[in-house]
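Spelled out from the first residue to the last, the chains are:
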Amino acid sequence: MDFQVGVIAGDGIGPEIVAEARKVLDCVGSKFGHVFRYTEILMGGCSIDATGVPLTDEAIAAAKASDAVLMGSIGGNTSTSPWYKLAPELRPEAGLLKLRKELNLFANLRPAYLYEELKAACPLREDIIGEGFDMMIMRELTGGLYFGARKTEQVDGVTVATDTLTYSENEIRRIAKRGFDIAMKRRKKVTSVDKANVLDSSRLWRKIVEEVAADYPQVAYEHMLVDNCAMQLVKDPKQFDVILTENMFGDILSDEASMVTGSIGMLASASLNDTKFGLYEPSGGSAPDIAGKGIANPIATILSAAMMLRYSFDLDKEADAVEAAVRAVLKQGFRTIDIMPQAGETRDGIVQVGTAQMGDKICENI
Ligand code: IPM
Ligand code: MG
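Since this is a predicted model, take the numbers as computed values, not measurements.

Caption draft 1: Representation of the sheet that holds strand 4 (residues 107–113) within the structure. Across the sheet, 10 strands lie side by side as 2-1-3-12-11-4-5-10-8-9; this open sheet has mixed pairing. Both edges of this open sheet fall to strand 2 (35–40) and strand 9 (220–225), since each of them pairs with a single strand only. The average angle at which neighbouring strand axes cross in this sheet is 25°, direction not considered. Looking at chain direction, strand 11 (residues 270–272) and strand 12 (residues 278–280) are connected through 3 bridges and run antiparallel. Bridge assignment links Leu272 to a residue of strand 12, and that residue is Gly278. Together, strand 1 (2–10), strand 2 and strand 3 (68–73) form the strand contacts of helix 1 (residues 14–32), whose direction differs from that of strand 2 by roughly 155°. Here helix 9 (residues 247–261) sits on the sheet in contact with strand 4, strand 5 (134–140), strand 8 (189–194) and strand 10 (242–245), set at roughly 160° to strand 5.

What follows is the structure in structure tokens.
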């Protein structure tokens, strides 16, 4: 089959890691008989430099015309880059938020998985790690604090800033359904995370999640307050299967969950709407400090491409092949610098490779 893939290489390490994901997609294409055609789309700092804005209407149209979009990363160093002297709506991140909203990408899937071979990178104690963990953070992505009305004003000579957190029952219901659907394909457990002891939006969240849960009798579900969840993620991450939560809580908890796996360079993500379209990107940032050095870990982007094969193109076999190849390469001992053994750990059989070599190794294993 033929697929049209929009490619947002973006800033920092983005172009390097996206190049490897394209290499892997092309390898999947020749092995399984598909053609992936790419359209390059500007977004983020590179778009600001070229056009003055982080996301143009043409870029949005090009994304909409694609079957799915593969993204690297956007943004630069927030204290030194000139992009951060611009007004907030002109900064690189504003492009990403606009794209999420324009494409209605309300469901953000962030798997956090501890690879057997990378257990040593996990900062948690061995007795806490146990057999490892495998969770899916389902983050609502187009509502809440990120998109509510905000303003900064003078009130009686004092500067006051306001952000608003709004959710409608429809927004909650559609993400909750997605969360329970995903749970049905996993270990059938949903932990819905809120702050219902304080927030009205969380009380509504809880009520709607309960209504949705009634349609999924096979799924065990529980409610958890977000502060407790932050603690449980380091105390006993094995307990989680699907974590279902609103935008801001999901932003914070997904960074925490990724750190617990010890390897943010390994974590993929998918942002989906109610069609087959999706935006696929690594969970990590643009890492401007190592950009252009050829040492960034491309695995998260490659695994994001695998999610694209699975969720947007229904190519499960092909997605399995990519994921298996990543596991095989880790077993063979190949590591980028971020997942190399730490001081004091054995390096027997471990070989450090760069970004492009990692992509090549994964292709060899497909
Ligand atoms: C993320 C990022 C973004 C977010 C930023 C870059 C706006 O942190 O995807 O988690 O907060 O959603
Ligand atoms: Mg984040």
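After that view, the rundown keeps rolling.
Caption draft 2: Broad picture of the site of ligand 1. Around ligand 1, the neighbouring residues are Glu93, Arg100, Arg110, Arg139, Tyr146 and Asp251. Contacts to ligand 1 include Asp251, whose side-chain N or O atom sits 2.9 Å from an oxygen atom. In isolation ligand 1 has 320 Å² of accessible area, and contact with the protein removes 73% of it. Taken together, the residues of the shell around ligand 1 sort by class into 1 nonpolar, no polar and 5 charged.

Caption draft 3: Broad picture of the pattern of salt bridges. The tally for this structure, following the rule as stated, stands at 28 salt bridges. Where Glu20 meets Lys23, a salt bridge forms, and the shortest distance between an N and an O atom there is 2.6 Å. Of this pair, Glu20 and Lys23 both sit in helix 1, 3 residues apart, roughly one helical turn. Residue classification places Lys23 among the partly exposed positions, given a relative accessible area of 27%. For Asp194, the salt bridge goes to Arg206, with nearest N and O atoms at 2.8 Å. With Asp194 in strand 8 and Arg206 in helix 7 (residues 200–213), the pair connects residues that are 12 residues apart, well separated along the chain. With relative accessibility at 0%, the residue Asp194 sits in the buried group. Look at Arg206 and you get partly exposed, because its relative accessible area is 24%. One network of salt bridges, with partners in common, ties together Asp134, Arg186, Arg187 and Asp241.

Caption draft 4: Focus on the nonpolar core. Formed by 65 residues in total, the largest nonpolar core has its most connected members in Phe36, Leu109, Phe180, Leu244, Leu309, Phe313 and Ile362. The element best represented in this core is helix 10 (residues 299–311), accounting for 8 residues. Setting aside chain neighbours within four positions, we find Phe36 in contact with Phe3, Val5, Leu25, Asp26, Val28, Gly29, Leu309, Phe313 and Leu315. Ile128, Phe133, Met135 and Phe249 belong to the second largest nonpolar core, which has 20 residues in total.

Caption draft 5: Just the side chain of Glu171, in detail. Inspection of the secondary structure assignment puts Glu171 in helix 6 (residues 169–184). No salt bridge forms around the buried Glu171; measuring N to O, its nearest opposite-charge neighbour Arg174 is 4.8 Å away. Side-chain polar atoms of Glu171 contact the backbone nitrogen of Ser168, separated by 2.9 Å. For Glu171, the contacting residues outside a window of four places in its chain are Thr142, Gly143 and Thr166.

Caption draft 6: Quick peek at the packing of aromatic side chains. Scanning all chains against the criterion turns up 7 aromatic pairs. Their ring planes at 25° and their centres at 6.2 Å tell us that Phe36 and Phe313 sit as a pair that is stacked. Pair noted here: Phe36 is in strand 2 and Phe313 is in the loop between helix 10 and helix 11 (316–331), with a separation of 277 residues, a long-range link. We note that Phe36, like Phe313, is buried. Arranged with centres 6.2 Å apart and planes meeting at 65°, the rings of Phe180 and Tyr221 form a pair that is edge-to-face. Residue Phe180 is found in helix 6, and its partner Tyr221 is found in strand 9; the two are separated by 41 residues along the sequence. On the accessibility criterion, Phe180 (0% relative accessible area) is buried. Tyr221 gets classed as partly exposed once you look at its relative accessible area, which sits at 34%.

Cut-offs applied
Residues numbered from 1 in each chain as written. Chains lettered and ligands numbered in written order. Predicted model: local features only at pLDDT ≥ 70, side-chain atom pairs only at ≥ 80, totals over all residues. Heavy atoms only, no water. Pairing = 2+ DSSP bridges. Helix = DSSP H or I, 4+ residues; strand = E, 2+ residues; numbered from the N terminus. Axes fitted to C-alpha atoms, helices over the stretch in contact; angles between N-to-C directions. Contact = heavy atoms within 4.5 Å. Near = heavy atom within 4 Å. Polar contact = N/O pair within 3.5 Å; in protein donor to acceptor, adjacent residues only side chain to side chain. Areas by Shrake-Rupley, 256 points an atom, 1.4 Å probe, with all protein chains shown as cover. Nonpolar A, V, L, I, M, F, W, Y, C, P; charged D, E, K, R; others polar. Salt bridge = Lys/Arg side-chain N within 4 Å of Asp/Glu carboxyl O. Buried < 20%, exposed > 50% of the residue type's maximum accessible area, 1.4 Å probe, protein only. Core = buried A, V, L, I, M, F, W, Y, C linked by side-chain atoms within 4.5 Å. Lys, Arg positive; Asp, Glu negative; His and termini not counted. Phe/Tyr/Trp six-rings, centres within 6.5 Å; stacked < 30°, edge-to-face > 60°.

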